[in-house]
Structure formats: C-alpha cells, structure tokens
Amino acid sequence: MLWIIFIVLICTLLFIDLNVDYTSDKGLSTKKALGVTSIWIAISLLFSIFIYYAYEFHWFGIGLHVGHDTGGTEAAINYLTGYLIEESLSIDNIFIIALIFGYFKIPPKYQRRLLFIGIMTAMVLRGVVIIGGSYLINKYAWITYIFGAFLIFTALRMLKSDDGEKDLKDSALYKFAIKLFPVTDKLHGKRFFVFENGKRFATPMFIALIIIELADVMFAFDSIPAIFAITTDPFLVFTSNIFAILGLRSLYFVLASMLDRFAYLKYSLIVILAFVGVKLLMANIFHIPSLISLVIIIVLIALGIIISIRKSKQEAGHEPEEPEGL
C-alpha cells in the first residue's frame, strides 16, 4: 500500500510540474530554477517525516521486512543519507548533461523536454536496478563486497579522470547511439525523427536523449550500490533515489552556468564513494552508525562547496585587468 501511495504521489507531482509553464524560449532562469529546486528539496525533506511515522508505527508492516525491526528514527536517517548521496552524485550527471547539450547545440527551450523524458525513463530504470540489487543482496550476502570494491574502483577512476575538455565523439556512449539510427546534421525543432528521401533519420535531439539515458544507467551503477551501503531496504533506497532525480531538472538550470565554480566538489564525491565502499567491505567487521554516516557525508559535501567557492573567488581576484586605452 505504501508503494502505491508513493507512486501516486510522484505521478501527481510530475503532472503538476509538467503543466506549470515556468520556462520561456530562453529556458528557465537561474532565479526561477533555484525556486523550483528549493520546492523539490522541501518536498523531499518533508517526506522524511512521513518515513519516520510510517516506520515508527509500522504502517502496513513497513520496516518489518528487512530482517530486523526498523524504527522511525533509523529509517528517516537512512532515507536522508541516501537522498544526500544521490543528490551529490547527480552533480556529476549534470556535468555530462551540460556537455551533451553544448555539443548538440540543444536550445534552452528544448532542454526542459529532454530532461523531463530522461527523468521519467530514469525512474523506471532505477526501479529495475534497485529491485535487482535488493534481490542479489538478500540472495547472496557476499555481493556487498563486490559493490564495495566497485565503488572504490569508481572513486579511483574519478580521481585519475582528466578534467580537460572532452570530445563527445570519442565517447563510447556517442559511438553506440549513432549506431542505432542514421543521424541528420541539424536540428528539426523538437522532433526526434525526420524523413529525408524516403528514409527515416534520427535528429540530434534523439541522439542527445539516448546518450543522456545511457549515462544515467551508468550513474545508477555508481549511486545505487552507494545507497545499499546505508540500507538494503528497497523502499528507502527507491524513494530517496526518486526524490533526488525529481529535482535534477531544475538543479541543472541552477548549476549549468556555474559548473566551473564547483571544481573541488568532485573530490568530495570521490571521498564519499570511497567511504561508502569501505563501509560495505567492513559491514561484517565494524558497523558505522547511520547518523555518523549522515554527518560525514554532509561535512564532505559542505567542504567541497566551501573550498570550491573560495578557490573560485581567489582565481577571480587574480585575473589580470584589461589595460586602459591610450
């Protein structure tokens, strides 16, 4: 019943969001995007209150199906921790989306449509991955060690990755996407397909959507094992994931123009992935309480943001001034 309630709630919120016209031909302004993002964050945090009461009083038996009696406080902390992990890792996803939109020259007025379709598909894909991951963990306890090792490997890969400008044509995602359909050289409005000389071609809009979807699948294999380090309760994993995804669209319009100011947030994400990876590997040896995990993740994200802002201000202050005209 709680699953049904949650799905109805999400469908209602998506319907309201879809029918609220807060964009223009120039896209969503940073100020409006910040307002919409704040609303999504507020709704996500308010849902933690529902989580508390549902698990504290075990509505419809929730909290009794994960091997022990999960109380309201523990469930709410696990939900918030999972939400923070997914929201912070979404920053990396936003970098990829910005690269895709820039490469295909997708106008701001069409970006919202692509993001909405991407979010709808992402929710379904995340649900499948979460169900599969929960089944594997419950069936084979040793799978947590594989998840932990994978997260540490991902953290090391991010640490060694080049932050320089990347050519999207060299990526495996682009090469796979263009193999699906022949592609036109230019946009045709918001259309995904066009017919030329009796043959169907995919437009850059469709290829951009495919790459966004493939990228989200790849990110799901990072973020979902990270949340399993906090809790294996599928309801908490799914709800925290979905609420983080719902705010991704407006968050993109907030951060797209200032991604370069958060360069050091990457290192916070690396440490978070490494931390939850180690937590998974040590689960049977040493248990890190959920509250401590939540505090550590909040501190790491805050440090990444503060250091990024300070470094950005320092670099801006040392920019050479333009010479005055004679």
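Note: the structure precedes this text.
This is a predicted model, so every value here is computed, not measured. (Residues numbered from 1 in each chain as written. Predicted model: local features only at pLDDT ≥ 70, side-chain atom pairs only at ≥ 80, totals over all residues. Heavy atoms only, no water.)

Enquirer: Describe in detail the pairing of strand β2 (residues 199–202), supporting the description with residues and values.
Expert: By the bridge criterion, four bridges tie strand β1 (residues 193–196) to β2 in an arrangement that is antiparallel. Across the sheet, valine 194 pairs through a bridge with phenylalanine 201, a residue of β2. Connecting the antiparallel pair β1 and β2 is a turn made up of two residues, with asparagine 197 showing a positive phi of about 55 degrees. (Pairing = 2+ DSSP bridges. Helix = DSSP H or I, 4+ residues; strand = E, 2+ residues; numbered from the N terminus.)

Enquirer: Quick one: what's the story with the environment of leucine 45, residue by residue and with numbers?
Expert: Residue position: leucine 45 is located in helix α2 (residues 30–56). For leucine 45, a relative accessible area of 42% translates into the label partly exposed. As a C-alpha pair, leucine 45 and tyrosine 79 span 34 residues in sequence and 9.4 Å in three-dimensional space. (Buried < 20%, exposed > 50% of the residue type's maximum accessible area, 1.4 Å probe, protein only.)

Enquirer: So what's going on with the environment of isoleucine 100? Which residues, and what values?
Expert: On the secondary structure map, isoleucine 100 appears in helix α3 (residues 72–104). Here the alpha-carbon distance between isoleucine 100 and isoleucine 211, two residues 111 residues apart in the chain, equals 7.8 Å.

Enquirer: Pulling in residues and values, what's your account of the side chain of serine 48?
Expert: Positionally, serine 48 belongs in helix α2. Classification of serine 48 as buried rests on a relative accessible area of 11%. With sequence-adjacent residues up to four places away left out, serine 48 is seen in contact with Ala76, Tyr79 and Leu80. (Contact = heavy atoms within 4.5 Å.)

Enquirer: I'd like a description of the side chain of aspartate 233, backed by residues and values.
Expert: Here aspartate 233 shows up in the loop between α7 (204–228) and α8 (234–246). What makes aspartate 233 buried here is its relative accessible area of 2%.

Enquirer: Lay out the packing of aromatic side chains with the relevant residues and their values.
Expert: This structure, assessed with the given rule, holds 14 aromatic pairs. Pairing tyrosine 52 with tyrosine 53 gives two aromatic rings, centres 5.1 Å apart and planes at 85 degrees, and the pair type is edge-to-face. Here the aromatic cluster, defined as three or more aromatic residues joined through ring pairs, consists of Trp3, Phe6, Phe47, Phe50, Trp59, Tyr79, Phe235, Phe238 and Phe243. (Phe/Tyr/Trp six-rings, centres within 6.5 Å; stacked < 30°, edge-to-face > 60°.)

Enquirer: With reference to specific residues and values, describe the environment of serine 240.
Expert: Tracing the chain through its elements places serine 240 in helix α8. The sequence separation of serine 240 and leucine 45 amounts to 195 residues, and the corresponding C-alpha distance is 9.9 Å. Among residues more than four places away in sequence, those in contact with serine 240 are Tyr79, Gly82, Tyr83 and Ile227. A polar atom in the side chain of serine 240 sits 2.8 Å from the backbone oxygen of leucine 236. (Polar contact = N/O pair within 3.5 Å; in protein donor to acceptor, adjacent residues only side chain to side chain.)

Enquirer: Describe the packing of helix α5 (residues 143–160) against helix α10 (residues 265–281), and please don't skip the residues or the numbers.
Expert: Where α5 meets α10, the axes come as close as 8 Å, and the angle between the chain directions of the two elements is 160 degrees. The angle between the axes of α5 and α10 places the two elements in the roughly antiparallel class. Of the two elements, α5 crosses α10, and the hand of that crossing is left-handed. On α10, the residues touching Thr144, Tyr145, Phe147, Gly148, Ala149, Leu151, Ile152, Thr154, Ala155, Met158 and Leu159 of α5 are Lys266, Tyr267, Leu269, Ile270, Leu273, Ala274, Val276, Gly277, Val278, Leu280 and Leu281. Looking at side-chain class alone, the contact of α5 with α10 contains 17 nonpolar, four polar and one charged residues. (Axes fitted to C-alpha atoms, helices over the stretch in contact; angles between N-to-C directions. Parallel < 35°, antiparallel > 145°, perpendicular 65-115°, else oblique. Left-handed = near helix turned anticlockwise from the far one by under 90°. Nonpolar A, V, L, I, M, F, W, Y, C, P; charged D, E, K, R; others polar.)

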